[in-house]
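Each chain, letter by letter, is given below.
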Amino acid sequence: MGEPDLDATIEATSANPQGVIGTGPYKLTSYTPGQLAVFETYEDYWGCDTDPQFQCPETDRVIERHFGSSSSLRASLQDGSIDMAWRSLNPTDVADLRGREGLTFFQPDSASSVRYANFNVTNAPFDDLRVRKAISFAVDRQAIVDRVFSGVNSPIFTMPPSQFPGSTDVFPQRDLDRASELLQDAGFSADSPAEVNLWFETSGHYGTTEPDVAAVMQESLNEVPELDVQLQPIDFAGLIDAAIRERTSSFYLLGWFPDFVGTINFLNPWINSTSLGIFFDELTDKGLEAMPEDARTRQLLEERGMEFNAENIVELKNELISTAQTTLDREQRVAALEELQHIEADTVPTIPLWSNLSRFIVAAQEGVEGVVFDASLELRDWLISKGN
């Protein structure tokens, strides 16, 4: 769509090395952290001179207000002091406000933001595959969606969103009997259950619903007699520190918004990295015998003549990651992405829970037009206009 002025960019960068350098249809004219950002049209934006012409803003000035709570966001929407509300109304507010005269709701068809539970696979009892798989069978995704999010979000059974190439539902549906069998096989009983701490943040990083999510999860998991789940609230910074640096919290709730819109970005961080408290490469053999004979991970190892153990599962994973990232053959790439999802479900380093659609719903006053979403879930501010 044309060429930016690289000389001007270099000059601006050298003159202001600590500032923000960018190119776009708006320029930031005022910013108060945590409160306000003001954008005005950038008349010299190079994209407006392209052919076909980039659609330059119809709105000359955009004021972005930042709210400390969803309740104050809703109040400002209702009293008309803001034209749009985005990220994030409470799901209950969305349900209550829908259908009210003067408000229009916009939402993407699906969300590329996901929520999940994480395990440190090196710490007991989660070093035992049977315990992790039991929890994956016991969790009640639908209860979370219905009771916490008023049905706005959707349960998910794999990490890559459904619209992404290779996305395959691989995690099991809820089965409390199977969860009990696995825990009993691991040596736990109703009289001596597996003691589990579920950590979740309370500082608002994921909004105000996190304590409710944790409570619903605790209730559903404790329906398994061989589990005893206790809740451990903590602020977000403390959660990250305990999970990643100290490695003391081993079962915790996190969320993901993609670095880039691609299937691999919903797999690689959880099976090929330690940056998010994932320790896949430290998988142990404990409980591996509980993996069914027809599990895809077993089959893939057998096809390659590799012994069934944790070390070789890691090697297999590395091979498939390389294929998914480097092959030019789309069919081979998608096949590798599908196999990686099966390995994730077979080894359970993490449990996908729900698609975070509610966070991206826009409520707008009458006359607001041009709200467009794509897979990035970013608003295109320059397309939005406000009628008189």
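You'll find the structure just up there.
It should be emphasised that the depicted structure is a prediction, and the values quoted were computed from it without experimental measurement.

Caption draft 1: Looking closely at the side chain of E344. The topology assignment puts E344 in helix α12 (residues 330-347). One buried charged residue, E344, forms no salt bridge at all, with the nearest opposite charge on R141 at 9.9 Å. With residues up to four places along the chain from it excluded, the contact list for E344 reads M159, F171, L267, W270, I271, P349 and T350.

Caption draft 2: Helix α7 (residues 210-221), seen in detail. With twelve residues, α7 ought to run about 16 Å at 1.5 Å a step, and its terminal C-alpha atoms sit 16 Å apart, in line with that. E210, V213, A214, V216, M217, S220 and L221 are the residues of α7 that are buried. Buried residues of α7, seen end-on, are gathered within an arc of 165° and therefore sit on one face of the element.

Caption draft 3: Structural context of the packing of aromatic side chains. Enumeration over the complete set of coordinates arrives at nine aromatic pairs. With a centroid separation of 4.9 Å and an interplanar angle of 10°, the aromatic rings of F119 and F251 are classed as stacked. Highlighted residues: F119 in strand β6 (residues 114-119) and F251 in strand β10 (residues 251-256), separated in sequence by 132 residues. For the pair shown, F119 and F251 are each scored as buried. For the pair Y206 and F236, a centre-to-centre distance of 5.8 Å together with 85° between the ring planes defines the contact as edge-to-face.

Caption draft 4: A look at the packing of helix α10 (residues 296-303) against helix α11 (residues 310-326). Their axes nearest at 11 Å, the elements α10 and α11 cross at an angle of 85°. Regarding the angle of α10 to α11, the classification is roughly perpendicular. Between α10 and α11, the residues in contact are T297, L300 and L301 and N312, I313, L316 and L320, respectively. Residue classes in the contact of α10 with α11 are distributed as five nonpolar, two polar and no charged.

Cut-offs used in this document
- Residues numbered from 1 in each chain as written.
- Predicted model: local features only at pLDDT ≥ 70, side-chain atom pairs only at ≥ 80, totals over all residues.
- Heavy atoms only, no water.
- Helix = DSSP H or I, 4+ residues; strand = E, 2+ residues; numbered from the N terminus.
- Buried < 20%, exposed > 50% of the residue type's maximum accessible area, 1.4 Å probe, protein only.
- Lys, Arg positive; Asp, Glu negative; His and termini not counted.
- Salt bridge = Lys/Arg side-chain N within 4 Å of Asp/Glu carboxyl O.
- Contact = heavy atoms within 4.5 Å.
- Expected span 1.5 Å × (residues − 1).
- Arc of directions from axis to C-beta.
- Phe/Tyr/Trp six-rings, centres within 6.5 Å; stacked < 30°, edge-to-face > 60°.
- Axes fitted to C-alpha atoms, helices over the stretch in contact; angles between N-to-C directions.
- Parallel < 35°, antiparallel > 145°, perpendicular 65-115°, else oblique.
- Nonpolar A, V, L, I, M, F, W, Y, C, P; charged D, E, K, R; others polar.

Worth remembering: the numbers are spatial, not functional.
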